[in-house]
Each structure stands twice: as C-alpha cells, then as structure tokens.
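Read off the chains here:
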There are 2 protein chains.
Amino acid sequence: MPNTTKYSVETIPGGYPRDRIFNPKSVAVMGVTPTPGTVPYDIFYNILASGYKGVLYPVAPGKRSISAVPAYRYLTDIEDDIDLVVIVFPANVVARALEQCGEKGVKGVIIISAGFREVGPEGEKREEEIKEICAKYDISLVGPNCLGVINTDPKIMLNASFARKMPAEGRIAFLSQSGALCTAVLDYARSRNIGFSKFVSFGNKAGVTEMGLLDYLHQDEQTDVVLLYLEELRDGRALIETARRVTRGDNPKPILAIKSGRTPQGADAASSHTGSLAGEDAICEAVFSEAGIIRTNTIEELFDTAIMLTSQPMPKGDRLAIVTNAGGPGVMATDAAVDVGLTIARFQPETTKKLKASLPAAANMKNPVDVIGDARSDRYEAAVGAVLEDPNVDQALVILTPQSMTDIEQIAHGIVKVRKGTDKPMACSFIGATDVAVGVDILQAAHIPHYIMPEWACGAMADVQRIRRWRELPEEADYQPPQADQKAVAAIINPAPAGYLSEDRALAVLEAYGFPVPAHKLCCDADEAVEFAERNGYPAVLRVVSPQIVHKFDVKGVALDLADADAVRSAYNNMVSHIGEAMPEAEIKGVLVRGMIPGGREVILGAKHDAAFGPTLMFGLGGLFVEIFKDVTFALAPITPAAASRMVRQIKAFKLLEGARGTGQADIAGVEDYLLRLGRLVVDFERIVELDINPLIVGPAGEGSNVADVRIRLSE
Amino acid sequence: MPNTTKYSVETIPGGYPRDRIFNPKSVAVMGVTPTPGTVPYDIFYNILASGYKGVLYPVAPGKRSISAVPAYRYLTDIEDDIDLVVIVFPANVVARALEQCGEKGVKGVIIISAGFREVGPEGEKREEEIKEICAKYDISLVGPNCLGVINTDPKIMLNASFARKMPAEGRIAFLSQSGALCTAVLDYARSRNIGFSKFVSFGNKAGVTEMGLLDYLHQDEQTDVVLLYLEELRDGRALIETARRVTRGDNPKPILAIKSGRTPQGADAASSHTGSLAGEDAICEAVFSEAGIIRTNTIEELFDTAIMLTSQPMPKGDRLAIVTNAGGPGVMATDAAVDVGLTIARFQPETTKKLKASLPAAANMKNPVDVIGDARSDRYEAAVGAVLEDPNVDQALVILTPQSMTDIEQIAHGIVKVRKGTDKPMACSFIGATDVAVGVDILQAAHIPHYIMPEWACGAMADVQRIRRWRELPEEADYQPPQADQKAVAAIINPAPAGYLSEDRALAVLEAYGFPVPAHKLCCDADEAVEFAERNGYPAVLRVVSPQIVHKFDVKGVALDLADADAVRSAYNNMVSHIGEAMPEAEIKGVLVRGMIPGGREVILGAKHDAAFGPTLMFGLGGLFVEIFKDVTFALAPITPAAASRMVRQIKAFKLLEGARGTGQADIAGVEDYLLRLGRLVVDFERIVELDINPLIVGPAGEGSNVADVRIRLSE
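Residues numbered from 1 in each chain as written. Chains lettered and ligands numbered in written order. Predicted model: local features only at pLDDT ≥ 70, side-chain atom pairs only at ≥ 80, totals over all residues.

Chemist: A description of the relation of the copies chain A and chain B should follow, citing residues and the corresponding values.
Modeler: Each copy of the sequence occupies a distinct position, and chain A is placed on chain B by a rotation of 180° and an axial shift of 0.0 Å, giving an RMSD of 0.1 Å. Read as a symmetry element, the transformation amounts to a two-fold axis. In terms of C-alpha distance to the rotation axis, chain A has F629(A) as its closest residue, with the C-alpha 4.0 Å off the axis. Mapped onto chain B, 99% of the interface residues of chain A are again interface residues, and the two copies thus contact each other with one and the same surface. (Least-squares fit on C-alpha atoms with pLDDT ≥ 70 in both. Contact = placed C-beta atoms within 7 Å.)

Chemist: Talk me through helix 13 (residues 408-420) of chain B; I want residue IDs and the actual numbers.
Modeler: Note: α-helices contain 3.6 residues per turn, so residues at a spacing of three or four share the same orientation. All names here are of chain B. Compared with the 18 Å implied by 1.5 Å per residue over 13 residues, the 19 Å span of helix 13 between its first and last C-alpha is a close match. Buried within helix 13 we find I408, I411, A412, G414, I415, V418 and R419. Considered in projection along helix 13, the buried side chains sweep an arc of 160° and stay on one side of the axis. Each element contacted by the buried residues of helix 13 is listed here: helix 12 (377-389), strand 18 (395-400), strand 19 (426-430) and helix 14 (437-445). (Helix = DSSP H or I, 4+ residues; strand = E, 2+ residues; numbered from the N terminus. Expected span 1.5 Å × (residues − 1). Buried ≥ 20, exposed ≤ 12 C-beta atoms within 10 Å, placed from the backbone. Arc of directions from axis to C-beta.)

Chemist: Just give me the short version of the sheet that holds strand 1 (residues 26-30) of chain A, but keep the residues and values in it.
Modeler: Residue and element names in this part refer to chain A. Reading across the sheet, the five strands line up as 2-1-5-6-7 and stay open at both edges, with parallel pairing between neighbours. For this open sheet the edge positions go to strand 2 (55-59) and strand 7 (140-142), each flanked by a neighbour on one side alone. Averaged over neighbouring strand pairs, the angle between their axes works out to 20° when direction is ignored. Judged from the five bridges that link them, strand 1 and strand 2 form a sheet pairing that is parallel. (Pairing = 2+ DSSP bridges. Axes fitted to C-alpha atoms, helices over the stretch in contact; angles between N-to-C directions.)

Chemist: Lay out the pairing of strand 10 (residues 169-176) of chain A in plain terms, naming residues and giving numbers.
Modeler: All names here are of chain A. Among the eight residues of strand 10, six are classified as buried, and the element is accordingly described as predominantly covered. In this structure, strand 10 lies alongside strand 11 (residues 196-201), joined through five bridges in parallel fashion. What sits directly across from I172, in strand 11, is F196. Crossover connection from strand 10 via helix 4 (residues 179-191) to parallel strand 11: handedness right-handed. Bridging between strand 10 and strand 12 (residues 225-230) involves five bridges; their strand directions are parallel. Looking across to strand 12, one finds that S176 is bridged to Y229. (Right-handed = clockwise from strand over helix to strand, strands pointing away.)

Chemist: Account for the interface of chain A and chain B, with residues named and values stated.
Modeler: By a frequent convention, interface size equals the accessible area lost on bringing the separate parts together. Tallying the contact residues gives 71 residues for chain A and 71 residues for chain B. Mapped by element, the contributors of at least two residues to the side of chain A that touches chain B are helix 1 (39-49), helix 4, helix 7 (264-274), helix 9 (299-311), helix 10 (327-339), helix 20 (624-629) and helix 22 (654-658) of chain A. When residues in the side of chain A that touches chain B are grouped by element, the largest group, 10 residues, is from helix 10 of chain A. Taken together, the residues of the side of chain A that touches chain B sort by class into 30 nonpolar, 24 polar and 17 charged. (Nonpolar A, V, L, I, M, F, W, Y, C, P; charged D, E, K, R; others polar.)

Chemist: Describe in detail unusual backbone geometry, supporting the description with residues and values.
Modeler: Y538(A) connects to P539(A) through a cis peptide bond whose omega is -10°. Following the sequence through the fold, P539(A) ends up in the loop between helix 18 (526-536) and strand 22 (540-545). Residue P144(B) follows G143(B) across a cis peptide bond; omega there is 0°. For P144(B), the position within the fold is in the loop between strand 7 (140-142) and strand 8 (148-151). Within the chain, M157(A) stands out as a residue other than glycine whose phi angle is a positive 55°. Residue position: M157(A) is located in the loop between strand 8 (148-151) and strand 9 (158-161). Backbone geometry at D138(B) places phi at a positive 55°, although glycine is not the residue there. Residue classification places D138(B) among the exposed positions, given that 12 C-beta atoms sit within 10 Å.

Chemist: Would you mind going over the confidence of the model for chain A in detail, with residue names and values included?
Modeler: When pLDDT is averaged across chain A, the result is 92; 97% of the residues are at 70 or more. Here the predicted complex carries an ipTM of 0.90, next to a pTM of 0.92. (pLDDT = per-residue confidence, 0-100.)

Chemist: Provide a residue-level description of the packing of helix 9 of chain A against helix 15 (residues 454-472) of chain A, including the pertinent values.
Modeler: Residue and element names in this part refer to chain A. At a minimum axis distance of 8 Å, the contact between helix 9 and helix 15 shows a crossing angle of 65°. As the angle between them shows, helix 9 and helix 15 are arranged roughly perpendicular. In this structure, helix 9 meets helix 15 at a crossing whose hand is right-handed. Residue-level inspection shows E301, D304, T305, M308 and L309 of helix 9 in contact with helix 15, the latter providing W456, G459, A460, M461, D463 and V464. Here the residues of the contact of helix 9 with helix 15 are counted per class, giving six nonpolar, two polar and three charged. (Parallel < 35°, antiparallel > 145°, perpendicular 65-115°, else oblique. Left-handed = near helix turned anticlockwise from the far one by under 90°.)

Chemist: Requested: an account of the environment of A490(B), with residues and values cited.
Modeler: Residue placement: A490(B) occurs in helix 16 (residues 486-493). Distance in space between the C-alpha atoms of A490(B) and S577(B) is 35 Å, their sequence separation being 87 residues.

Chemist: Can you explain the domain arrangement of chain A? Please cite residues and give values.
Modeler: Here chain A is partitioned into domain 1 (19-308), domain 2 (313-472), domain 3 (486-595) and domain 4 (601-714). Taking the mean C-alpha position of each, domain 1 of chain A and domain 3 of chain A sit 57 Å from one another. (Domains from an automatic or database assignment.)

Chemist: Go over the nonpolar core with me, naming the residues and quoting the values.
Modeler: Counting 438 residues, the largest nonpolar core has V323(A) and V323(B) as its most contacted members. Leaving out residues up to four positions away in the same chain, V323(B) has contacts with V369(B), V371(B), Y380(B), A383(B), V384(B), V387(B), A396(B), V398(B) and I399(B). (Core = buried A, V, L, I, M, F, W, Y, C linked by C-beta atoms within 7 Å.)

Below is the structure:
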C-alpha cells in the first residue's frame, strides 16, 4: 500500500459537508410554488411526503400556505433556527436568497437551480458570486445544478430532491455529478430491490465536493459502500488521496466509480456539457486502481458489485464453487468466472464423498457441480452445504433453471438455510424471469445477492477480489526519497524559457537526480570533439545540440559508431555543414560527444503533467511494444518503492525484463529506482510538463542502465 | 467472401429434419403417464394445451384416456397415419418404441428421454442402437436427451416439449444443445416480450444436427434469425460450411451463436457433461467469424442483437446519432458506442439548424443531442426526426431518463410516429424500470427494440454492423489453387512413420509445394559439407539432422555464420563429437549445410489438425509477438486469396509488415501466397497434424522470403 503521496493538495474549503445537510432538525425550502409537477413544488412536497422527522418551512412570497403547511414571505420571518435551506429560485435570484441564508445564520444549503457554470461565462460569474457568499458566511453548500439530497435513515427520512420516490433504506451511498442519471438509477435500483443510505446529486460542486462527501460517508454508520458517478475530474489528485484514505485502514469502505468520457468522443460530449477538461483515460484507469477505486463502465456493474459487498462477508480467497441444475449454464458460468480471473475450486476428497452420498450417479460431482435437471431442494441444500464446508472453497455461486421438477420456492428457502450456517459469501442466479420470481424474492428478502445471469455474479465476485487484494497490500514503511541535487536542477530550470531543454541541460538535470547518464561533453568544434573522444574512448557518438532541432535523426544530427579521431572529425564537420545547409535557421549550440552505449533492453520512462491528476509517470518497453500494443503503465508521481515495483510488473512485456527467451534477467531494481527518481524530479519541478527518457537501455541485473536519449519540456 | 471450401465433408445422414417434425398433421406421444408434474405427462399435456391444430394420440399402456383424450396400448393400435412420435419412455425401452415407429411407417420422431451417450459407454451403445433403427426405417430423429420442439406458427401451434409455457410467436428460431438452458431462456425471453418461430432442443443430435436445422430454418418463412447454443462442435467444419451458405447469398439469415467451454476450465466442465473433445477456442473464434457466425458469450447479448435484427432494417453504415434528455447517460452511451466500433455521426449544417429551431438554447445540438431534462415529446420528436433525416446518420439511439417533466408515454408515442416515417434502424433505452415501463410497453408493441441500458443497444448495433460487413464482402471469383508436386510429397510422407519428419524431408515437402527453401544439402561427413559450402557460398550454416533431436539449439546442433572451409570443417567435427558425447542415443543422419539467410521480418506460418475443425492455419509475427501478446490469427484450411489477405491483416503487428518505424514494406503478397500453399498442403495430406514454419524470414516487397526452420509432425 502506498503512503498517501507526499505531493499534498490543499483541501478545497467547504468541500466537506456539514452533518446538518443530511441530518437537519429543520428545513426551509426557498422559492416554493403551489403547482404540482414543477421542480419548486415537487422538492417541497417530497420532503413533506417522505416522512421527514424534523420541521419543514416553505418560503413562498405571496402564499399563505403550501399543501396546507404555513408559508413565509421571507426566510428571516421564520423564528426557528434553520439547519438546512433548499433553494429552488431561478438562477438570477439565487445569490440574494443565499445572502438571506447567511444573514439568518443558516450553515447548510442545497441549491437545486440550474443556470450556473454549465451554461457558460455568465453562469460562471453567478457561480463565483455564490461561492463568495458561502465563504463569507461559512455555509456548507451542495450544488448548484443538482437533484438534491436523500437520507433514508429512519430517524431523519429526508427526501430533499426532485426524485419521484423515496428509495428504500440500504447500506449503499450513491453520489452523482449528473442529476438526470439519478432519477434513472433510483427507478432501476427499485426494480432490483436495492436500498440506499444516502443519495446525493452534487451537481456543479461549487461547495461540497466528491472528496468531502467521501470523507463524510467514510464516517457514516449507515453506509458500507460508496458508488460514484463522475464526468469530470476537477481535482483528480485530491480524489485519489481521499480514496486511499477511505478504502483502506481500520474502517475501509469500497468505492465503486463510473468515470464517463472514457473515449475521446465521450470526453468531447462530457466537456460540452460540464465544461471540463479531459485528462488521458489510460492514466485515470491506472490511477484509480492504485487508489483502491473499483472502476466500472456501466450502472449495472456498479450495483451488481454493490449488492455483493453490502450483503456478503469478504471472501478469504478467489476460489469459487458452482452448483447448478443445468449443465449448459454451469459451463457458461465457468467460462465467465475464468474470464474475470476467479479460480475454479478443486474439491477435497471429503467433499466429493459427501456429494456422492446425496446426489444421483448421473450428477457431476466435480466443480461445477451439476445436481441435474430433476433436482429438488434436498439436493441443492446438500450440494451447496457440502461445497461451502470445503476448505478449498472461498465462495459459491448457485445456478437454477426452471425445469418441470424444480421446486423453486423450496430451493430458495433451502439456500437461505445453508447461507445462515456459513461465513462464506454466496450469490445466486435463478435464470429466467416470471417462473423464477418467487425464488428470487425469497433470496432477496434474505439478502442473498441475485443475478439474472451468472455472468453478472462472476463480474461482481471479481470486483470483490480486487477490493480484497487492495486491502491486503501490506502497509509500506516510510522510505527515504532518493537523494538529489535540487539546487543544480533549479539552476538549470529556473532561468530556462518554456519549451524543450537542450540535450546537454536535460542530461545535466537527470545526472543531478542520480540517473545513469553516460559521460559526455558539449563540444564547439571538431578539435574539442576529438579531444574528448580520445579521452573518453571509442567508438564515439556525436549528437547535434540546437534549440530548433527536436528530432535529431531527421536532419542527420546524429553520428554513431565512430571508430577513431578521423572519423569523429569528419563526422563533426559533415554534420555541421549539412545542417547549416539544410536548416540555415537552426542555431547550433554545439555537438554532444559521448561513447556508444552497450546494447540491452530498451525501456521508456516518461512523465507528463496530466490535466486531471498533475504529475504522472509512464513506463513501457521501448519501440514496438508501446506503439503497436500500447503496453504501458501509469502512476501518480511521486511513487513509493512498492508502487514502482507494481508499475514495472504490470506491463505484459515484463517477461522480457525477467529474461524470457533466454536473455537473462535485466536490471529491474535499477529501473524501479529510476522511476522513483523521476517521480521525485517532476514533483520537485512542476514546470516539467513532459519528460521522456526514450530509451533507457537496461543492462543485465546488477550491471545498471544508460540513458540513451531524453527530452524535457518546460511550461511557462 | 470465401468460396465454400474445397475440403468437403460428407453430409451426416439424417441431419436434415423432415418438415413433419415441425408441421405434423398428427402426433402420438409414447410413454405418457397420468401424473401432472412428470415429464411424460407434461409433454403430452403441453401439446394438448398449446392449441395444436392436428390430431393428438397418447400411447399409454393400461390407460383408457389421458386428460380425457382416448389412449392407446400400442402405437400400432392407432389407425391414423402418424407424422410425429414423441417418445418419453425410460431409456431402456426407447429402442423398442422406436422399432414400433418404424414398423408403423412413422418418419418423424423426437426422443425426450435421457440416458444415452451423455451417461457413458452403456448409454453410447443404446444411442448406436437407436441410430441404426432410424437408418433402417429412414426416420428423422430429434434427440435423444432433449427438451423437445416448439412451433409457434398459428397454423400448427405445437409445443412438443416439457417447457412450461408456449412462447409468443416471433421471427427468432432458437436451437440449443442444452435442454435445461431452454426453460430458462423461454422464461427470460417472455420477460423481454421476445417471441419465437421455432424452438428446438436437439440434445445428443443422434439424428437431426445443428447443421440440418440451420439448412431447414434457412428455408423457413417464419424465421429471420437463428440463435444457437452449442457446447460441443462434433463436426465444426460442416457447421462452418452450412453457416456460410445460410448467412450470405439471396436469402441471408443471421446466425448468432454461443459456443461455451471457451476457457480450458469451461471446456473441462462441458466435456464431463457432453463427452465432447474440445478444440482450441481461439481457432473457433476466428473460424466462426470467417463463416459469418456472430459469436456472443451471454444469453442477453444473443437476444439483444436478435431483437434488433428481427425488427429493424439493416443500416447502410455504422454512423450513430444519439438523442438523450440526460447528459450523463449520453456520455456513457457515446463511450459504449466507440468501444464497440460504431462511429459517432457528425451532423450536416441543415440538421443543426433544425435542432436549433426546435430545442432550447441550453440543449446540446451536437451528437449526442441533449434535449435536456425538462424535454417533453415535442422536443424528442423533433430531434429524433431531424437526426434520422440527416444523410450522415445511419441509425439512432434514443435515451430517456424519467425526470419530473418527462411525459414518458407521449414520448414513446412520438418515437413510434418518427419510426414510421424512416427506413433507418432505431433503438431506445428508457433507463429505469417501473417509472419507464409504460413507455417501454408502447415501444415494444411497435417493435422498436428497447434496452434498459444504452450499452446493450450499442452492443447489438455493433453485431448488426458485423453482419452487414459480412454480407457486403465481395464474392470471390474461382481461383487457381497453387501449383504443387503432390507426387513428390506423397513419396516422402506415405512411407514415413508417425512423428516428426527429419529437416531435410520437411524442407523437401515445402519445396515441392513452392515454398522459398534456401539451397541446402544433407552431408554425411566434413568433406562433403565443405564441398557443398564452397559451391553454395559463405557464410554457411550447419544444422544437425537426427530423429532424436527436435530442439537443435539445445544440443549445440546448429552452427551459424561460418566464414570459410576451415570454419565449416571444424564446426562439423565439433558438432558431431559434442552430440555423440552429450546424446549418445541420438542417431545422427547427417548435417544439413546451407547459406546464411539475409535478415528480414520473422513470421510464423503454422498448421494444425484441430479436434473440432480439422486442418487449420495459423499466422503471426515471430517470437515475442506470439509468445507475449498472442497476436495470431487462424483460419480453416484451405483458404482463398481474400481470406489469406484478411488473415495477414488481422494481426496487430501487421503494421510492421507494412513498414512501421521506417523499415519499408515487407513482401506481404509472398506471405499470402505461402499461406495458400500451406492450406493446400495440409488438406492434400491429412497425416500432417502439425506444421510450423518458424520463422519464415520475409524480405522487402518483391524480394521474397526464406524458410529458416520448419517442423512437420505426422499422425499414424
């Protein structure tokens, strides 16, 4: 487990929600109208009808009452203290309403109204204004441009949203940047008997952020799992740090997230509707996984996994037993389990013996266990019980198809009975719809997760494994960050203009941070080049240095394998004169002379300032592997030694570094060390927006590596 | 489009079902019992209750009637001609019942009973016996060990199965090897309002096969799409040939198939329950796609695509327009569409103008079109109408989330109206469950495909694109198979024992089939080797030839880059003496001498006799690409020139052959030609069970290639 990164972020003021937003003793709705079917009325009515346990005040200028509840002209007319105000006024009067909240000492506000940042410059100005008012009065704000907040806690029962119905109580919290998605999710979840603890549409997150909500829900006793829908990562790094806190430690809670806009076209669509700037999705994918966030692509997968997490114990391992009354679905479930990385359990002989005693001879006693088509509940109970008692089994998936003899109801009851006698997790898939419904109801009432198709169950179980492995990563001891000569680098970078550093400077930067830079010298004439080569040894390499030349090979700016002084001299003169003719505008600062680098395995170490996450690192095997197979990994900078080790091992081509095809092991430890150094470098110097060591040529284990080429680009 | 392969298969006798199995004028059920809830009774009762239009006779020894229908002691007691007999007797008396069918002249029989091949040797014997009886009397047999047959044609209305309910009428035929799966599928399909034309559980396929059923359904006027669930490919090649016939031509019908047992563990599970032998799944995947079969992994995807195919016209291209009332789901749908390879349409200016005229300013007029949360049916109608009229749009996906203002019912009606005015396909996703149900019902009644999640719609649309592209592949003219000296190869292979051919023989085989084999000679002493090298030129290569040595490098059986006569002589002597000491049991037949092969790109051409498909070809880039990235393609042998071209282009590393990284184009035409030759060779000589040209070193375009190493393994 990585330590929380040393690259710390300022907490956004107001990001953490005050408790009174979820648990207010009194609520006022500002801007209520008496017309059902409009947002201003519906919000008010939803609070009223949801069974809210506190006191509710409509603020509706010009009305005596709303739905029989006495109405107030101004917020300040209310004598009671108000914990939470919900503002549903049109955008142009929201600021005024917010001022009134501040004056009355209200500390919790939800702004439902749209018409802010999402509509362009004018809305942005409005949003800045409400941010200032919140800061002035220390108001905890949810929204604007959101659906509202729901708390199903029976002690509160607050539906301060324009969702049509109050969801059932449950252990899942749902946070969404998209308000419209919420209505669909609530309707869908109801059909799967899924309840919620809290439901928050956080909209433009002008005040309360997803980070603040995660920290709040981490402490919330009603919540076991947090689901998050995001379109925009305004502060990806803060999200990652928060997630690392929430998903591990003494009180770990899983976070499952959809981050849409994964594809360039999707990101375009998202940005046209949130005004957000998209980072690179491959980085997001890698970084989420290094923060314990389970990323899913669909709403279904989100809930498939959440119902497993909220109802079943954490399995001890990944070994799955399958019990089915139909061979075909058993085979399909086995395929699906293997696809997602689960292990098909091998039973102990004792289990096989038990199965043989209770199943007919034609049954399959191996995993997947087939109790065959005419199985009734006795067989299911015996088989499921036997496999769950097997120490080689960590969890079970029970499949049922509705055949003539299948006593679906009894089988469901039998499974519930077995479930009570075990501490291992279980999921069921009664395939079908109407015929199996009676059984599904029984299972769901007993909190046994049910999936219409076994493939969904396998997907959920695989996500649970990811969470288990994440929690089991050992804590890392504090480590010494690599030594580095920051002063030397500051002297190079601080005065440099935006754009690429020249090669000699870039090499000097790397040298100061302990990278294996071969001996070299920037020479200004052929004599100097020959003199250095004589001292440094042959064969020699010449590389032109010019601010106008980024791709040296393209202009014959590189000469390799020069065997002696004559060769160096003539290569130098040819190079300078060729470039002088071909690129008269190029200012040649000199020619870098160095020795040939011995062959080895080529890797790329990269760093990039990502729009969402700030400084990130990239690692891959050189050339084809990156270009054709996109076989690369990413991480947030800086990284810990354990994270560096994972990073190197995640690429498929790692086998090559390990010594596939009889090449012997490469100096992997060195590569990990350089990733650590690179991480420190780009965090220390934020002006580095892009850095590529391409390639680093890696020698055999223990023999070190050599930087063969580097490019460093600085921002303004 | 490939011609149907020249490697033709005998049609399995009895594989094609007689029409009377689906359309019998009279049915007898043999072995009926009077107890509801048992298979023998249920089958009978299902026929009776399904509204069957013909005459039904129960054969139930000792009973006067079953459910008030007069019963018969023996089949032969029935005076009427019987078109179809359904046998539900226990396995041990099935043969006797079948004999009676034969004697009565019955030509169509379904055996529901289990207890045959699937239970081991004893059952296998029983199955052979019934096969013989069918052959003797020319009986068309479905089963044994199956669920039965359903025909929803209103003129017939036959539910000769033990499925609980008759499915609705529809244009989808479902064929399943697994009976148990059928009950689940019927229940599931009912919940999605999916109807069927025919529903066939074909069980052990002792008579009627999936191939015969496909050919039958190809001609069936009630059927538009065939769905197929398979666990075992007993005759994969025949399936492929049938599928190529059915899926293209004048009357093309899509075939969607699940072939389970994709993973080794899944295949194990399948084989323990069908007794089948698994081929390699990657081959199955490639071969299905070259036969126009759309392979899916789940029941859901099967139906997702089928409902699209049976209700919507074929799109002209892959450009998709999305209309949504919620930004988030629009972004997610865009991501999903891109993931599966659809193109996000760019609208013409005219369309944007129309959208601007009918949508509020805050709406998004670009694709995905966001009609925003308060949209009512007028906006949906205008937007969906406008995008479908755009010539840049081939199809539309309409997304709805149930928000306060959303008049779901009216919107559904509006969409139905728009649908009627266009010839472009359309799908909808009203996300949710209860709230949106009223709209979903309206859409489904109008045969507009509906998917709870937009991702499913995208998956279905992508499958439709695959079918479109498959149909659009040009017909190939007959081509001349490559010239080959079959006699020379027969002279080598026919007398050879099972196992590996020696290298000199293997090279001779390749030479006879026109492969680029470098000049070489098998030499028996150092003098002979030197003499040949002198003639052939330096640098020379020596390779030991011994039946005991398969991996020459491991025993220092290869010497490279020998510059002159001395080097050849000493390498020869060293090699022979080293192997003599290290492997005294190895019989050295000589040393093969040849020149060094000039460098180039290394590819692998392989062939293998697959358990399911017979002779197959493999192609990939040498070494790492195959080992680490599994970047290979497969095809059935023989192949056509167009199929060879597709095969070479399907690997990711094809870019390397094309000239990525400035290496220039390789001799791709040559590689295609050698794949054709290899295909012919392994079809001509079935004893070749494995052949690997690894590597073939490919020179620049037009300069040809060289076989650097080859291994050929023969069967008995």
